[in-house]
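Fold and contact review
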Amino acid sequence: MSHFSTLRTKITDAEILTNSLKDLGINVKTDADVRGYNSQRIRADIVAVLDGEYDLGWSRNADGSFDLIADLWGVAKKHNQTELINSINQKYAVNKTLSEVKQRGLQNANVKLVLK
């Protein structure tokens, strides 16, 4: 029986996700296995290699979005999974916003992001 959960996300940009994970000091692999309970593994497009025996992975859907795949019980043994996932989503949102601003030719504009 698999311990892996799949969660729908609003993440659509693999490069920004990868850079966001690296910004948070997380090692990243592409097209790699996500480690789970009892040495179970599942393939994902992007893998955040976490301390311990469990990882987070993201797999691209047909619509271009990514699903988060993880053994959440295992991740929670060593990490506060809610804080970890929230910090990844927050860093992705900031980096995505900054990327959109630059694409629109506003490199010299002052951007103020308010996080609540």
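Refer to the preceding data block for the structure.
Below is a short write-up of the structure. (Residues numbered from 1 in each chain as written. Predicted model: local features only at pLDDT ≥ 70, side-chain atom pairs only at ≥ 80, totals over all residues. Heavy atoms only, no water.)

**Section: the pairing of strand S5 (residues 66–70)**
With five of five residues buried, S5 lies mostly within the body of the structure. Where strand S1 (residues 5–8) lies against S5, four bridges are found, and the strand directions are antiparallel. Looking across to S5, one finds that Leu7 is bridged to Leu68. Here strand S4 (residues 56–60) runs beside S5; their pairing, made up of five bridges, is antiparallel. (Buried < 20%, exposed > 50% of the residue type's maximum accessible area, 1.4 Å probe, protein only. Helix = DSSP H or I, 4+ residues; strand = E, 2+ residues; numbered from the N terminus. Pairing = 2+ DSSP bridges.)

**Regarding the environment of Asn95**
Position of Asn95 relative to the elements: it lies in helix H3 (residues 81–103). Judged by its relative accessible area of 17%, Asn95 is buried. Sequence separation of Asn95 and Asp23 is 72 residues, and the distance between their C-alpha atoms is 9.8 Å. Those residues within four positions of Asn95 in sequence are excluded, and the remaining contacts are Ile16, Asn19, Ser20 and Asp23. Within the local environment of Asn95, its side chain forms a polar contact with the side chain of Asp23, the two groups lying 3.0 Å apart. (Contact = heavy atoms within 4.5 Å. Polar contact = N/O pair within 3.5 Å; in protein donor to acceptor, adjacent residues only side chain to side chain.)

**Quick look at the sheet that holds strand S3 (residues 41–49)**
The five strands are arranged S1-S5-S4-S3-S2 in an open sheet whose pairing can be described as antiparallel. Bordering the open sheet on either side are S1 and strand S2 (27–35), each of which pairs with just one other strand. If you compare each strand with its neighbour and ignore which way they point, the axes differ by 40° on average. Sheet topology places S2 next to S3; eight bridges connect them, and they run antiparallel. Across the sheet, the residue bridging to Lys29 is Val47, located in S3. (Axes fitted to C-alpha atoms, helices over the stretch in contact; angles between N-to-C directions.)

**Description of the packing of helix H1 (residues 14–23) against H3**
For any two helices packed against each other, one specifies the inter-axial angle together with the distance between the axes. Direction vectors running N to C along H1 and H3 enclose 125°, while the axes themselves pass 9 Å from each other. The pairing of H1 with H3 is recorded here as oblique in orientation. The interaxial crossing formed by H1 with H3 has right-handed handedness. Between H1 and H3, the contacting residues are Ile16, Leu17, Asn19, Ser20, Leu21 and Asp23 on the first element and Ile88, Lys91, Tyr92, Asn95, Lys96 and Ser99 on the second. Residues belonging to the contact of H1 with H3 are distributed by class as follows: five nonpolar, four polar and three charged. (Parallel < 35°, antiparallel > 145°, perpendicular 65-115°, else oblique. Left-handed = near helix turned anticlockwise from the far one by under 90°. Nonpolar A, V, L, I, M, F, W, Y, C, P; charged D, E, K, R; others polar.)

**Considering the nonpolar core**
Membership of the largest hydrophobic core comes to 20 residues, with the highest contact counts inside it found for Leu17, Leu21, Leu56, Trp58 and Ile88. Apart from residues no more than four positions distant in its own chain, Trp58 is found in contact with Thr9, Ile11, Leu17, Leu21, Ala44, Asp45, Ile46, Ala48, Phe66, Asp67, Leu68 and Ile88. (Core = buried A, V, L, I, M, F, W, Y, C linked by side-chain atoms within 4.5 Å.)

**With respect to H3**
Counted at 1.5 Å a residue, the expected span for H3 with its 23 residues is 33 Å, and the 33 Å between its end C-alpha atoms agrees. Looking at H3, one finds that the buried residues are Leu84, Ile85, Ile88, Tyr92, Val94, Asn95 and Val101. Those residues of H3 hidden inside the fold are in contact with H1, S4, S5 and helix H2 (72–78). Regarding H3, its N-cap is Asn80, as a side-chain oxygen of that residue lies 3.2 Å from the backbone nitrogen of Thr82 further along. (Expected span 1.5 Å × (residues − 1).)

Just geometry here; none of it tells us what the structure is for.
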